[in-house]
Structure formats: structure tokens, C-alpha cells
Amino acid sequence: MFLGLDLGTSGLRVLLVSEDGTALASSEAHYDVAHPHSGWSEQDPNAWVTACDAALRSLAQSHASELKDVLALAISGHMHGAVLVDETGTPLRPCILWNDTRSHAEAAELDAMADVRELSGNIVFPGFTAPKLVWVARNEPDIFARTVMVHLPKDFVIRHLTGVTVGEMSDAAGSAWLDIKARDWSVDLLNASGMVGSQMPRLIEGTDIAGTLRPDLAQALGLPGGVQVIGGGADNAVAACGVGATAEGDGFVSLGTSGVLLAARDTCAPMPETAVHTFCHALPSRWYQMGVMLAATDSLNWLATLTGQSPAALAGALLEVPSGPGAVMFLPYLSGERTPHNDSRIRGAFHGLDIAHGPAALTQAVMEGVAFGLRDSLEALEATGAQLTRLTAIGGGTQSPFWCQTLANVLNLPLDLPAQGEFGAAMGAARLAICGATGADPGTVMTKPEIARTFEPNPAQLGAYEAAYQRFKATYPALTALPDGATT
């Protein structure tokens, strides 16, 4: 038996998986996020430890016999968080999370420094780890002076489970301290933010053994002795392992709160100017790239709030098969945009509204606008050399056939919708545990899920959607030129 742990922003989930990859049971525990000031987002690292132990105990109570056969576990974790600890491993302050924007000025300073983009492979975004430490140094100097080591969130949980301090490549790649080509900490990047190598943990790959579960913890949690804790990985990298997106040509599109279009790569080919993220994969000698839009299903949720209808009701009012692009255009920049614009100040808009338009027209416009935003990410990925011929589609938005077909038409790619089952980050973590503990080939373990339905691009509509996308693409510079103070 194997365990996959998914450390999310709002909770931790544990999945019990057999050696053949069958999901058997799961449990979860939740915790809060604090927002003490505008743009701040923090969490108590000890809340993750408490949730981890509680979820494992819950699973042990319901599946005691199966847990006695657990050989290994691995963790997927949300990226970029800064956990500052003292010499005893005790957190000195709450973790500054991935969606915290207080260090926007520090990020811009680091991003402008020579060789930072070239070494890190990325624009330095405010959510990355390095600018957060610069902010702490300037605003909390006493805490910065006492910082012996910086952990990323899942690695803090690994330290709790094993007593070992390690970092892992896919997670470290989002810190702006890692030379992503060399897969090692960069002295130059550390120096740029006032850090030194001794404050960084030893690096391992996602399939390497981090350590062994502490005997006292194993006994307290109902697990056997000798359970190996495997390196694991960053959430999107591990989710890619869960859907079998591990080699060149593999990819997925996620219609979640935010939108993600991810391509696995066999080579490291960063192009920071596109605002595409280039990170190490959770597997050795592999990388992945992804375009990110900040409001995907969040855009539909926003419209639902305005109209007083549920997102499901809005989506259900549309036909399953689109007849072509609508007359209304939606710019999905409700929270700014990441790829390809890297514009935190841009805001959304409807264009082409008519007195006859109702909720259905607005819903269609929102779905098309999100699809066009993801097309922006696809073009940015293709500029780096990524070649995608089909995508696995995941996330809550894929419950809408209209949205899936629209996205297939806009991307001009087949979209494979998995059957119901486990294929997310928790499953990806369990697969990393299997490979790490048994030496199994990731190619045989990290298979693609069973497909329930494929949405093929409609050849008769491709021209109309291409023309609509070009109009969408031309609208961004016009929107930025509006003198309303809200755009750049």
C-alpha cells in the first residue's frame, strides 16, 4: 500500500492506493488562511502538521489493516510559500503563501537584475519565494536575522514526518533561487536576495527517498515502522503525474478557479518574456511549462453572483454543442492576468453588449473569454517549442460540455475528459511513492486515466473561432490604453 498526500491551500488530503494504482480510500482535514492586510495571505505551518496527523489517524481508524501494509508515502504541495525556521526547525512567523502580493516591489527589483531570468528560467513574480525573503529582511529584520533555513510548505511537513531537511526540484524551481537547467541552488540567485547556501535544504528529486517516518510518529498514527517518505513535488507537477503528463507532447488543461495549460518537456527551454512558467518536473531530467490565467471558473462564479443564479444553472442554460462564437466578448481579467501579459493591474470587460442580451449570452461570452485566454497560453507555450497534439481536460469547468467543445474549437486540439475517478495531485503523489519505493518505471506507473469522452474540434467552426480569437487578442492593447487608472 502507498499514501499520496495533497497539501492544498485550504486543506490536506490523504489517498490510500494499492500497488497496482487503485485508489482505496481517502481522508482530509482543513485549516484557515489569514489575510491580516490587503494583499497578504498567510498560514500557520503547524496547522499543516496538525491536519496531516489528523487525516492519517482518520484513515488508520477506518482502514487499519490496509495501513499496516503501507511501504511509502509522498506529498504534493502548494508552491512558493516561505516557511522561515530557526535552528530547532520552529517557524519564526506564519508562512507567506503563493497568492500573497506584498512583495511586488521586491519582485520587480529582483526581476530587473542581470541574469536572474536566465538562471531561474522565469519572471520573478510577487508570489515567488525569493522576493518574500527580501520583504522580510526589510520589514522584519529581527526575524530575518534569526532565519536558519527556509522551507517550502510540503518540505516543512516532510521535516515533521522524518526529522530530515530536504528540498525537492519541482518545488524549488518556483523559489527564484534554483538554476532550473543545472537543477541546483544558484549562488548568484541566492546572493541577489541576500541569502546563503546554508539556508537552503539539500535537494532531491521527486522520486528520491527523503527519509523514513519517525518511529514515534508511525506508532501514534497507526502506520508500520520503516515507511519511506519520498520527495514528492509541487502541486501542478504532481497533478501532471496523476494524469500521465510526464513526457514531451503530454499536457493537460485545467478549468479550475484559475486556468492552467501545462506541457511536459524533455528539455529545459525557458522563455520568460512570454510569462510562461518553466519548472523542473517531479521526475529526474524532465521539466514542464505552463501558462496560467488567474480567473477561469472564477469568472463564471463572479457572473453567477451578479445574476443570482448558480454557476451550474448558468452553464445548463446553454446547448451542449455551440453553434459558433457569440456576439459578446468577455475579457477575463477580473484579477489581472499572468500569461502572456504579466499584468496585475489590468481588469476585465464585456464588449458588444446589446439591450437584447441576457444571462445566456453573458455566460457564453465568459466561457469563450476563458477559452481565448487559454489560447494565449497555448501560443506562448508553442513559442518555446512545446508541441501539443491533444490535452487531458480536468477541473470543475469540464462539467460543461459547451465549455469543453468551445475550448476544443478555440485551441484546435482534441480534449480528453477522464472518467470519474482519482487522477489529481493525491494520486500523482501516490504514484511518486510507488516509483520511489519500488524502483518502478514512471512510464508504467504514471499512465493516463480512462477517458470518458473526447471533444474534437469542429472543422466547420474553426474559422469563426479563429477570427473571434484574433479580435480578442487585439482588445488587450486597447483596454490597456483606456485612461481609467485601472490598467497598465
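Residues numbered from 1 in each chain as written. Predicted model: local features only at pLDDT ≥ 70, side-chain atom pairs only at ≥ 80, totals over all residues. Heavy atoms only, no water.

(A) Local environment of the overall build of the protein chain. Helices and strands together make up the secondary structure of the protein chain, namely 18 helices and 23 strands. In terms of C-alpha radius of gyration, the protein chain reaches 22 Å, essentially the compact-globule figure of 23 Å for 488 residues. Along the first, second and third principal axes, the C-alpha set of the protein chain runs to 65 × 50 × 40 Å. A buried classification covers 59% of the 488 residues belonging to the protein chain. Here the contacts in the protein chain between residues at least 6 apart in sequence split such that 72% fall between residues at least 24 apart. Carbon and sulfur atoms form 52% of the exposed surface of the protein chain, whose accessible area is close to 18,100 Å². Of note, the protein chain has its 27 positive side-chain charges centred 1 Å away from the centre of its 50 negative side-chain charges. (Helix = DSSP H or I, 4+ residues; strand = E, 2+ residues; numbered from the N terminus. Rg over C-alpha atoms; globule rule 2.2 N^0.38 Å. Buried < 20%, exposed > 50% of the residue type's maximum accessible area, 1.4 Å probe, protein only. Contact = heavy atoms within 4.5 Å. Areas by Shrake-Rupley, 256 points an atom, 1.4 Å probe, with all protein chains shown as cover. Lys, Arg positive; Asp, Glu negative; His and termini not counted. Charge placed at Lys NZ, Arg CZ, Asp CG, Glu CD.)

(B) Main features of the sheet that holds strand β5 (residues 72–77). Strand order across the open sheet formed by six strands is β3-β2-β1-β5-β14-β13, with mixed pairing between neighbours. The open sheet has two free edges, formed respectively by β3 (23–30) and β13 (209–212), since each of these has just one partner strand. In this sheet, neighbouring strand axes are inclined to one another by 20 degrees on average, regardless of whether the strands run parallel or antiparallel. Against the sheet, helix α7 (residues 153–162) engages β1 (2–7), β5, β13 and β14 (228–234), with an angle of about 175 degrees to β14. (Pairing = 2+ DSSP bridges. Axes fitted to C-alpha atoms, helices over the stretch in contact; angles between N-to-C directions.)

(C) Focus on the packing of aromatic side chains. Under the criterion given, the structure shown has 13 aromatic pairs. Ring centres of W302 and F350 lie 6.1 Å apart, and the angle between their planes is 25 degrees; this geometry places the pair in the stacked category. Residue W302 is found in helix α12 (residues 297–307), and its partner F350 is found in strand β20 (residues 349–351); the two are separated by 48 residues along the sequence. Residue class for W302 comes out partly exposed when judged on its relative accessible area of 30%. Aromatic side chains F372 and Y469 sit 6.1 Å apart centroid to centroid with 45 degrees between the ring planes, which places their arrangement in the tilted category. Placement of F372 in helix α14 (residues 359–383) and of Y469 in helix α18 (residues 462–480) is noted, with a sequence separation of 97 residues between them. Through successive ring pairs, a cluster of aromatic residues spans Y333, F372, Y469, F472 and Y476. When the ring centre of W40 is taken as reference, the NZ or CZ atom of R102 above it lies at 3.6 Å. (Phe/Tyr/Trp six-rings, centres within 6.5 Å; stacked < 30°, edge-to-face > 60°. Lys NZ or Arg CZ within 6 Å of the ring centre and 35° of its normal.)

(D) Structural detail: the nonpolar core. With 74 residues, the main nonpolar core has W177 and F252 as its most contacted residues. When residues of this core are assigned to their parent elements, the largest contribution, eight residues, is made by helix α16 (residues 425–438). Among all residues touching W177, those that are not within four sequence positions of it are T129, A130, L133, V150, D184, W185, S186, L189, L190, S193, M195 and M200. Core analysis: the next-biggest nonpolar cluster, separate from the first, contains 51 residues, F330, A408, L413 and L415 among them. (Core = buried A, V, L, I, M, F, W, Y, C linked by side-chain atoms within 4.5 Å.)

(E) Structural view of the pairing of strand β2 (residues 11–17). The buried fraction of β2 amounts to six of the seven residues, a majority that puts the element mostly inside the structure. Looking at chain direction, β1 and β2 are connected through six bridges and run antiparallel. Bridge pairing in β2 links L5 to V14. Once β1 ends, the chain turns through three residues before running back antiparallel as β2. Sheet topology places β2 next to β3; seven bridges connect them, and they run antiparallel. Residue pairing for β3: G11 is matched across the bridge by H30. Here β2 hands over to β3 after five residues, with G21 in that stretch at a positive phi of 90 degrees.

(F) Here's a closer look at helix α3 (residues 104–111). Every buried residue of α3 is listed here: E106, A107, L110 and D111. Looking straight down α3, one finds that the buried residues subtend no more than 135 degrees of arc, so they occupy a single side. The inward-facing, buried residues of α3 abut α4 (116–120), α5 (129–139) and α9 (187–192). (Arc of directions from axis to C-beta.)

(G) A look at the pattern of salt bridges. Within the structure shown, the criterion is met by 19 salt bridges. Across the salt bridge formed by E140 and R93, the nearest N and O atoms sit 2.6 Å from each other. Here the residue E140 occupies a position in the loop between α5 and α6 (141–145), and R93 occupies one in the loop between β6 (83–85) and β7 (95–96), the gap between them amounting to 47 residues. Each member of the pair, E140 as well as R93, is classed as buried. Salt-bridge contacts for E379 lead to R375; the nearest nitrogen and oxygen are separated by 3.2 Å. (Salt bridge = Lys/Arg side-chain N within 4 Å of Asp/Glu carboxyl O.)

(H) Summary view of the sheet that holds strand β22 (residues 415–418). If you walk across this open sheet you meet the seven strands as β17-β18-β16-β15-β21-β22-β23, and the pairing is mixed. The sheet is open, and its two borders are formed by β17 (277–280) and β23 (451–455), each paired with just one other strand. If you compare each strand with its neighbour and ignore which way they point, the axes differ by 25 degrees on average. Summarising the sheet, β22 and β23 pair through four bridges and their orientation is antiparallel. Opposite D416, over in β23, you have T454 as the bridge partner. α14 rests against β15 (251–255), β16 (259–265) and β18 (287–293) of the sheet, and its axis sits at about 150 degrees to β18.

(I) Inspection of the packing of helix α11 (residues 235–242) against α16 at higher detail. Remark: α11 packs on α16, axes separated minimally by 7 Å, with the N-to-C direction vectors making an angle of 80 degrees. In terms of orientation, α11 lies roughly perpendicular with respect to α16. Every residue of α16 that contacts α11 at D235, V238, A239, C241 and G242 is listed here: A425, G428, A429, R431 and L432. Counted by class, the contact of α11 with α16 contains six nonpolar, two polar and two charged residues. (Parallel < 35°, antiparallel > 145°, perpendicular 65-115°, else oblique. Nonpolar A, V, L, I, M, F, W, Y, C, P; charged D, E, K, R; others polar.)

(J) Representation of the state of the cysteines in the model. The final tally for this structure, using the stated rule, is zero disulfides. Summary of cysteine pairing: C241 is not part of a disulfide, and the nearest cysteine sulfur, belonging to C435, is at 8.1 Å. Its relative accessible area of 0% is what places C241 among the buried residues. (Disulfide = S-S within 2.5 Å.)

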